[in-house]
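A closer look at the structure
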Amino acid sequence: MHKVELQPKEYRDEAKSFWCPGCGHNGVLTALLRSLSELGVDPSYLVNVSGIGCSSRLPYFVKSYKMHTLHGRAGPVATGVQLARPDLAVVVTGGDGDGFSIGGGHMPHLARKNINMTYILMDNHIYGLTKGQASPTSRPEMKASTTPFGGVEPPLDPVLYMLTYGATYVAQAFSGNVKLASQLIKDGMEHKGFAFINLLSQCPTFNELDTAKSFKSACEQQDTAHDVADLDAAMHVVNTAKQEGRLPTGLLYKVERPTLDQRMAELVERVGGHKDYDLRKVIDLARP
Ligand SMILES: Cc1ncc(C[n+]2csc(CCOP(=O)(O)OP(=O)(O)O)c2C)c(N)n1
Ligand code: SF4
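Residues numbered from 1 in each chain as written. Chains lettered and ligands numbered in written order. Predicted model: local features only at pLDDT ≥ 70, side-chain atom pairs only at ≥ 80, totals over all residues. Heavy atoms only, no water.

So, on to the overall build of the protein chain. Of the regular secondary structure elements, the protein chain holds 10 helices and seven strands. For 288 residues, the compact-globule estimate of 2.2 N^0.38 gives 19 Å, and the C-alpha radius of gyration of the protein chain, at 20 Å, lies within 12% of that figure. Judged by the C-alpha coordinates and their principal axes, the protein chain covers about 65 × 40 × 40 Å. Going through the 288 residues of the protein chain one by one, you find that 49% of them count as buried. Taken as two groups, the 30 positive and 30 negative side-chain charges of the protein chain have centres that lie 4 Å from each other. (Helix = DSSP H or I, 4+ residues; strand = E, 2+ residues; numbered from the N terminus. Rg over C-alpha atoms; globule rule 2.2 N^0.38 Å. Buried < 20%, exposed > 50% of the residue type's maximum accessible area, 1.4 Å probe, protein only. Lys, Arg positive; Asp, Glu negative; His and termini not counted. Charge placed at Lys NZ, Arg CZ, Asp CG, Glu CD.)

Structure follows, in structure tokens:
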């Protein structure tokens, strides 16, 4: 990674924030800017990709190359960027609806293929930009515009999904805990592989149930240390916390596994591939 020395505020791009006052996404941005500064990431080697939603506006505020793509498609677009230019730092930022509803088909493959990127999910348990519909992480107790009498479906847990999908780095924090959130983003960016960080982020405008206070208290009780390379231990920590109505925070799981770009580079080397390869040989193979 190309290094520079910049203050967190120097990573803030000019676009004026459009988030509501008190929106948890502000904490995610502050944490990300701090992580970039601590790592000394060169903005010209950084690509911030997003989908659609309030959370997906984040790249406008970060000095980097950036792409504001389609709803649920940030992951696949970021995959293309990463495989074409493995020397760049790729960060995806998006919401729970974006990532686990419309984008839910892509998530297992980002993790299983171990694409070298950092995926920051801004989990507010609601669709913010479209004015408050229930999302896949909404708790049934929440009354949303689409569920005025409460929900009839259980929520999914992004962290449990990611552990199952084979992500090599899984962490969670409350976005208001900027110190922990930035530490986890920093570690995630340093990690070679698919790093998933779930940041609980309140939407005071549309979600009256999951407030900054409730997220903070659910995240407050830290779990006892476990072996982060042990998948069963990580699953156990998450399941136990869930049963107790807590949200486990910090680094939950981390292992090293070859990334897709590494495997592809190895394959190219094994078969002696190069950009001047005579394509007529491939055509000859197809001749009857
Ligand atoms: C294909 C498609 N379907 C639906 C929409 C409408 N839409 C815009 S944002 C959004 C959801 C936003 O929720 P989330 O991803 O949780 O982010 P938040 O706004 O809460 O940060 C939806 C459904 C869209 N833009 N494109
Ligand atoms: S609607 Fe909710 S998620 Fe969107 S900016 Fe406002 S507080 Fe944040």
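Around ligand 1 sit 17 residues in total, of which Cys54, Ser55, Gly97, Asp98 and Gly128 are the nearest. With respect to ligand 1, the backbone of Gly97 contributes an N or O atom lying 2.9 Å from an oxygen atom. Within the backbone of Leu129, a nitrogen or oxygen atom sits 3.0 Å from an oxygen atom of ligand 1. Starting from 590 Å² of accessible surface for ligand 1 in isolation, the protein chains cover 73%. It is helix α3 (residues 96-102) that contributes the most residues to the shell around ligand 1, four residues altogether. (Near = heavy atom within 4 Å. Polar contact = N/O pair within 3.5 Å; in protein donor to acceptor, adjacent residues only side chain to side chain. Areas by Shrake-Rupley, 256 points an atom, 1.4 Å probe, with all protein chains shown as cover.)

A separate point is the packing of aromatic side chains. Taken as a whole and judged by the stated rule, the model has six aromatic pairs. An angle of 85° between the planes, with centres 6.2 Å apart, marks the rings of Phe100 and Phe196 as edge-to-face. Placement of the pair is Phe100 in helix α3 and Phe196 in strand β6 (residues 194-200), with a sequence separation of 96 residues. Since its relative accessible area comes to 7%, Phe100 is described here as buried. Each ring, one from Tyr119 and one from Phe196, has its centre 6.0 Å from the other, and the planes form 40°; the classification is tilted. Residue Tyr119 is located in strand β4 (residues 117-123), and its partner Phe196 is located in strand β6; the two are separated by 77 residues in the primary sequence. Among the aromatic residues, those joined into a cluster by ring pairs are Phe100, Tyr119, Tyr161, Tyr165, Phe194 and Phe196. (Phe/Tyr/Trp six-rings, centres within 6.5 Å; stacked < 30°, edge-to-face > 60°.)

Spatial ordering of the open sheet is given by β2-β1-β3-β4-β6-β5-β7, a layout of seven strands whose pairing is mixed. The sheet is open, and its two borders are formed by β2 (65-68) and β7 (250-254), each paired with just one other strand. Strand-to-strand twist across the sheet, computed as the mean angle between neighbouring axes with direction ignored, equals 15°. Bridge count between strand β5 (residues 169-174) and β6: six bridges; the pairing is parallel. Along β6, the bridge assignment pairs Phe174 with Leu200. Strands β1 (46-50), β4 and β6 of the sheet are contacted by helix α1 (residues 25-39), whose axis makes an angle of about 155° with β4. Packed onto the sheet, helix α5 (residues 158-165) meets β4, β5, β6 and β7 and runs at close to 170° relative to β6. (Pairing = 2+ DSSP bridges. Axes fitted to C-alpha atoms, helices over the stretch in contact; angles between N-to-C directions. Contact = heavy atoms within 4.5 Å.)

For helix α8 (residues 231-243), spanning 13 residues, the distance from its first C-alpha to its last is 18 Å, which sits close to the expected 18 Å at 1.5 Å a residue. Along α8, the positions that sit buried rather than exposed are Ala233, Ala234, Val237, Val238 and Ala241. Axial view of α8: buried residues confined to an arc of 135°, hence all on one face. Structural note: α8 exposes Asp232, His236 and Gln243 on the side pointing more than 90 degrees away from its buried face. Looking at the packing, one finds that the buried side of α8 touches α5 and β7. Capping the start of α8 is the job of one residue whose side-chain oxygen sits 3.1 Å from the backbone nitrogen of Asp232: Asp230. Taken from the residues just after α8, Gly245 is the one with a positive phi, measuring 70°. (Expected span 1.5 Å × (residues − 1). Arc of directions from axis to C-beta.)

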